[in-house]
Amino acid sequence: MPVKVLRFFPAVVLTAAVFLYAADKPKPTSSTPQSIDSYSEVQPATESLDLNMYQRIRDEGLNRSHVMEFATALMDGIGPRLTASPNAKKANEWTRDTLTKIGLENAHLEDWGEFGLGWQQLNTWARMVTPDTAVLIVQATPWSSSTSGPVTGDVVFVGIQDEKDFDKYKGKLAGKVVLFGAMREVAPVDKALFDRYSDKELEEIAEFSVSANASGIPPEMQTRIRERMERMRMLDKVAQFFADEKVAAVIEPSRDGRNSGGSGGTLFDDNGATLGRTPYIAEKRVKIPVVVAAIESYGRLYRLTQAHAPVSVELDVETKFTGEHEHGFDTVAEIPGTDPKLKEQVVMVGGHLDSWIAGTGATDNGAGTVVAMEAVRILKALGVKPRRTIRIALWTGEEQGLFGSKGYVMQHFGSAKLSTAPDQAALPEYMRRAVGQLDVKPEQKLVSAYFNVDNGSGKIRGVYLQGNAAIAPIFAQWIAPLKDLGVTTITLRNTGGTDHLSFDAVGIPGFQFIQDMLDYESRTHHSNQDVVERLQPADLKQIATVEAIFLYNAAQRDQMLPRKPLPNPELEQKRAAPLEGIFPGAMPPAESEKK
């Protein structure tokens, strides 16, 4: 999951910028008059719940779970799954074949398009050789180039903040091992790194906060976005400068985690560590070896350079590129629907299969992958014959920008053109404004809902509704029998940063579950601690059981789940524009002012 810090940030910032909605209408089902659309029909006040099926699903999911078998096979047997890497290919094939073995049909891989460089880390190590010998905790940053075997160089700290700083280092860095990145404070770990939501915290999440700036990005967020984009543009120049100067290698400091979790040998290795905005594109590849170091390893080197003490490092970065134009793939499989009038409609579940490389991608997002697989396994084991088709989809490219789910949605459901205005073109694609006419494909009207898990290994505590108020009383009834499992909270809040946004953006109800945080953002998110030992088996059983129940209920309802109004990008801009002529005595603006 790429941007966990945006959990409560209004999803309009991300969803409306990826794709947007369109008002294509589906054919009616048998349960509604011919003039009423299946997804806009009147919803019953009372849900018809099969409590016997609740019990059967609970029994299978909690007492005969296979979720940890899936987990160890994927994480231990295959390992980290960087998009378009050899391991990602193995994972796609393994999930396809395993879903077939447990009884799903039409298991296949779908190509979502060209990604860029195929890459894998074979071996990385580093040690200080003067003024003392010491083992350093490092890993290559994704898409780093290799050293030519072990290399040794004097260590120098380089601080480049703007263009004028380049001149200070010109002609001075050849053969050096460069420390690049400010040494951060390493605060004591005086708060728990592992915790669960309290009842009070869940009550706060359930409260819907009315935003004073609901129609746009808050000014403080706009400032942070501008600063980050400027910093990323500078990184491209820095990377080329280091290559031109022929540095031996670059060492960057690992970022911190929540509650000072980024210490004690934990390192984070993701987009924030790469020396460049898009190092996976061949034309933008980083031409020098780059590693990220645990903060304690970086700190010792940094302090020595600041004391002007001679310090040198030997390191070996062994990586492999497997192609310049590799494609990304999603794994898709189904439990076919059986109702003659509803079987063409679909209920979807999924998570992202790709991961970063520092660990084995266990909590992000191996957990979401294996619970989705376990949820459909539970339904198959019980011999469920759903009225609607149940489809599982496991995405790649999520960490670089929701590429897998976005590509799937574009191919099957629809999309909108993105603004090419200079200020918009400078933003990442997932943050750009949608413009022009919306293109919605026929399949869009057939999907009732998409359910996603991508917040680690913590058990489900409720559901984010993405502002879909009509669905609140429905889900409230669904979770009432699950209170003893800890599922209690319904919130209208949006949550960002993962694949449900791709569906929500084209008018399909897409939902992310509220999960206990555990140690996800403190030490496992994109880190070398993201391994099987950080998974909580009991929580994974609970997640898969709850997901299976949600899938069953959505597949069996007479009606599709209600959808939010479908906005029109151009109409939305007009509605958000200030009202004219309401201020007493004000003169209308001249035509030049309007422009």
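Look up: the structure comes first, before these words.
Here is a short report on the structure shown in this document. (Residues numbered from 1 in each chain as written. Predicted model: local features only at pLDDT ≥ 70, side-chain atom pairs only at ≥ 80, totals over all residues. Heavy atoms only, no water.)

Observations concerning the packing of aromatic side chains
Phase 1: Following the criterion strictly, the structure yields 26 aromatic pairs and no others.
Phase 2: With 5.2 Å between their ring centres and 65 degrees between their planes, F475 and F550 make a pair best called edge-to-face. You can see F475 sitting in helix α11 (residues 472–479) and its partner F550 sitting in helix α14 (residues 537–556), a full 75 residues away along the chain. Assigned by exposure class, F475 and F550 land together as buried.
Phase 3: A connected cluster of aromatic rings, assembled from ring pairs, spans W112, F115, W143, Y280, W356 and F403.
Phase 4: Taking NZ or CZ as reference, R255 lies 4.0 Å from the ring centre of F268, over its face. (Phe/Tyr/Trp six-rings, centres within 6.5 Å; stacked < 30°, edge-to-face > 60°. Helix = DSSP H or I, 4+ residues; strand = E, 2+ residues; numbered from the N terminus. Buried < 20%, exposed > 50% of the residue type's maximum accessible area, 1.4 Å probe, protein only. Lys NZ or Arg CZ within 6 Å of the ring centre and 35° of its normal.)

Quick word on a nonpolar patch on the surface
Phase 1: On the surface, a cluster of nonpolar side chains totalling about 410 Å² of accessible area is made up of L579, I582 and F583.
Phase 2: Looking at the secondary structure, you find I582 in the loop between α15 (569–576) and α16 (591–594).
Phase 3: I582 gets classed as exposed once you look at its relative accessible area, which sits at 60%. (Patch = residues over 30% accessible without salt bridge, like charges linked within 9 Å, V, L, I, M, F, W, Y side chains within 5 Å. Areas by Shrake-Rupley, 256 points an atom, 1.4 Å probe, with all protein chains shown as cover. Salt bridge = Lys/Arg side-chain N within 4 Å of Asp/Glu carboxyl O.)

Considering the side chain of D330
Phase 1: Looking at the element boundaries, D330 is found in strand β8 (residues 312–335).
Phase 2: Buried D330, no salt bridge; nearest opposite-charge side chain is R391, N-O distance 11 Å.
Phase 3: Of the polar contacts made by the side chain of D330, one reaches the backbone nitrogen of T396; its length is 3.3 Å.
Phase 4: Among residues more than four places away in sequence, those in contact with D330 are N92, H108, L109, E110, W112, L394, W395, T396, G404 and Y408. (Lys, Arg positive; Asp, Glu negative; His and termini not counted. Polar contact = N/O pair within 3.5 Å; in protein donor to acceptor, adjacent residues only side chain to side chain. Contact = heavy atoms within 4.5 Å.)

These figures capture arrangement, not role.
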